[in-house]
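# Topology and contacts: notes
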Amino acid sequence: MNRTLLGPVRKSAPPPYDVRGKTVLITGAGQGIGRELARILHRRGARVAAVDVDERSVRAVVSELGSAALAVVADVRDRAAMQVAVQDTVEHFGRLDIVIANAGVTPNPATVRVMDDADFDRVIGINLVGVFNTVRPALEHVIAVSGHVVVVSSCAAFAPGMAGSPYMVSKAAVEQFGRALRVELAACEASAGVAYFGLVETEMTHAMLDRDDLGHALEAFMPWPLNVRITAAEAATVIAEGIERRAPRTIAPRGWQPYALLRGVINVVIDAHLAANPKVKDLLRRVEQRATTS
């Protein structure tokens with residue numbers, strides 16, 4: 001093995017990364033994790049460019065934060081609009097240090113067999129293409145100040161995707177995008193991290209799991225501690241603390257960490273169990289029935 005290429009590897013913690021005076025761009029900042037993260041980083045002294053497709057919600061967040069915040073209305077699926085969002089941020093604050101690609105949506109529950117093509121495209125467009133559109137135009141600015149990028153993946157990236165495969169596909173792809181960024185930016189003295197969350201108390205989660213018996217049934221297949229929910233503020237705090245130590249990855253709730261480490265073995269067992277489970281087969285029939293009749 002070529003030791004010139006692989007070693008020696010020095011394991012040392014990076015110095016603390018103080019966000020005071022830094023400029024942070026956050027997508028999906030009008031609600032949920034993004035909104036809470038804007039509040040937390042603002043309290044810690046950062047200047048915040050809050051990006052969201054919902055003008056009313058993002059302006060409400062910026063009104064709360066005051067002069068050290070900028071409201072940017074943009075759809076992350078629109079590459080040109082995100083280029084303008086980054087440029088407006090740099091022109092307003094003079095620099096861009098930290099980018100957090102947080103915007104995301106869930107699909108309507110459906111199997112691949114019956115899902116709506118447009119719903120698949122919507123989820124991939126926001127959750128995956130939107131991450132690229134957010135990060136790409138910001139990279140030269142981030143590299144210039146040895147900054148940091150966070151892409152928000154999900155524990156769904158390594159969990160079974162039945163009835164919601166577009167979400168799992170998008171988040172698995174974001175994980176790989178973040179891993180590539182981590183290595184590439186290290187060569188430029190900048191850094192990147194991937195954030196993974198299980199169930200977070202957001203409108204997105206409520207719409208997917210809490211609106212009816214079918215959503216409750218989907219959640220019931222998640223064993224403890226994987227079904228533990230955290231608040232949006234708790235998730236945002238995990239990201240904020242990860243930024244301050246340039247963490248390559250953050251995972252919450254903690255119960256997902258063993259799954260993340262052992263997923264190669266666990267997923268083989270879980271997939272086989274779910275494929276043979278008559279309750280899962282019945283649930284998927286119900287999902288398909290609703291998807292084709294609604």
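Just above sits the structure.
Residues numbered from 1 in each chain as written. Predicted model: local features only at pLDDT ≥ 70, side-chain atom pairs only at ≥ 80, totals over all residues. Heavy atoms only, no water.

### Notes on the side chain of Ser153
Looking at the element boundaries, Ser153 is found in the loop between strand E5 (148–152) and helix H7 (165–186). Taking the relative accessible area as the measure of exposure, Ser153 reaches 2% and is therefore buried. Apart from residues lying up to four places away in sequence, Ser153 is in contact with Lys171, Val174, Glu175, Val194, Ala195 and Tyr196. (Helix = DSSP H or I, 4+ residues; strand = E, 2+ residues; numbered from the N terminus. Buried < 20%, exposed > 50% of the residue type's maximum accessible area, 1.4 Å probe, protein only. Contact = heavy atoms within 4.5 Å.)

### Let's talk about the packing of helix H2 (residues 32–43) against helix H3 (residues 55–65)
Where H2 contacts H3, the axes come no closer than 11 Å and their chain directions differ by 20 degrees. In this view, H2 runs roughly parallel relative to H3, as classed from their interaxial angle. As H2 packs across H3, the resulting crossing turns out to be right-handed. Residues Arg35, Ala38, Arg39 and His42 of H2 touch H3, and the partners they reach there are Val61, Glu64 and Leu65. Of the residues that constitute the contact of H2 with H3, the class distribution is three nonpolar, one polar and three charged. (Axes fitted to C-alpha atoms, helices over the stretch in contact; angles between N-to-C directions. Parallel < 35°, antiparallel > 145°, perpendicular 65-115°, else oblique. Left-handed = near helix turned anticlockwise from the far one by under 90°. Nonpolar A, V, L, I, M, F, W, Y, C, P; charged D, E, K, R; others polar.)

### A look at the packing of aromatic side chains
Enumeration over the complete set of coordinates arrives at five aromatic pairs. Geometrically, the ring pair formed by Phe158 and Tyr196 is tilted, given 5.7 Å between the ring centres and 45 degrees between the ring planes. Within this pair, whereas Phe158 is found in the loop between E5 and H7, its partner Tyr196 is found in strand E6 (residues 191–197), the two being separated by 38 residues in sequence. The class for Tyr196 is buried, based on a relative accessible area of 4%. Grouping aromatic residues by their ring pairs yields a cluster made of Phe158, Tyr196, Trp256 and Tyr259. Here the guanidinium or amino end of Lys22 rests over the ring plane of Tyr17, the centre of that ring lying 5.0 Å away. The ring of Tyr17 is capped by Arg246, whose NZ or CZ atom sits 4.1 Å from the centre of that ring. (Phe/Tyr/Trp six-rings, centres within 6.5 Å; stacked < 30°, edge-to-face > 60°. Lys NZ or Arg CZ within 6 Å of the ring centre and 35° of its normal.)

### Looking at the pattern of salt bridges
According to the stated counting rule, one finds eleven salt bridges in the structure shown. When the shortest N-O distance is used, the salt bridge between Glu55 and Arg59 registers 2.9 Å. Of the two residues, Glu55 and Arg59 both sit in helix H3, four residues apart, roughly one turn of that helix. The class of Arg59 is partly exposed, set by a relative accessible area of 43%. Across the salt bridge formed by Glu288 and Arg113, the nearest N and O atoms sit 2.9 Å from each other. Residue Glu288 is located in helix H12 (residues 278–293), and its partner Arg113 is located in the loop between strand E4 (98–101) and helix H5 (117–135); the two are separated by 175 residues in the primary sequence. Salt bridges linked by common partners bring Glu36, Arg39 and Glu64 together as one network. (Salt bridge = Lys/Arg side-chain N within 4 Å of Asp/Glu carboxyl O.)

### Looking at the nonpolar core
Within the largest apolar cluster, 41 residues are counted, with the highest numbers of intra-cluster contacts made by Val135, Val149, Val151, Phe158 and Leu181. Among the elements that take part in this core, helix H4 (residues 79–93) stands out by supplying five residues, more than any other. Those residues in contact with Phe158, other than ones at most four positions away along the chain, are Tyr196, Trp256, Tyr259, Ala260, Arg263 and Asn267. Counting 34 residues, the second-largest nonpolar core is a separate cluster that includes Val48, Val200, Ala236 and Ala240. (Core = buried A, V, L, I, M, F, W, Y, C linked by side-chain atoms within 4.5 Å.)

### Considerations on unusual backbone geometry
Across the junction of Ala252 and Pro253, the peptide omega takes the value -5 degrees, indicating a cis bond. Looking at the element boundaries, Pro253 is found in the loop between strand E9 (249–252) and helix H11 (256–276). With phi around 65 degrees, Glu189 is a residue other than glycine that occupies positive phi space. Position of Glu189 among the secondary structure elements: in the loop between H7 and E6.

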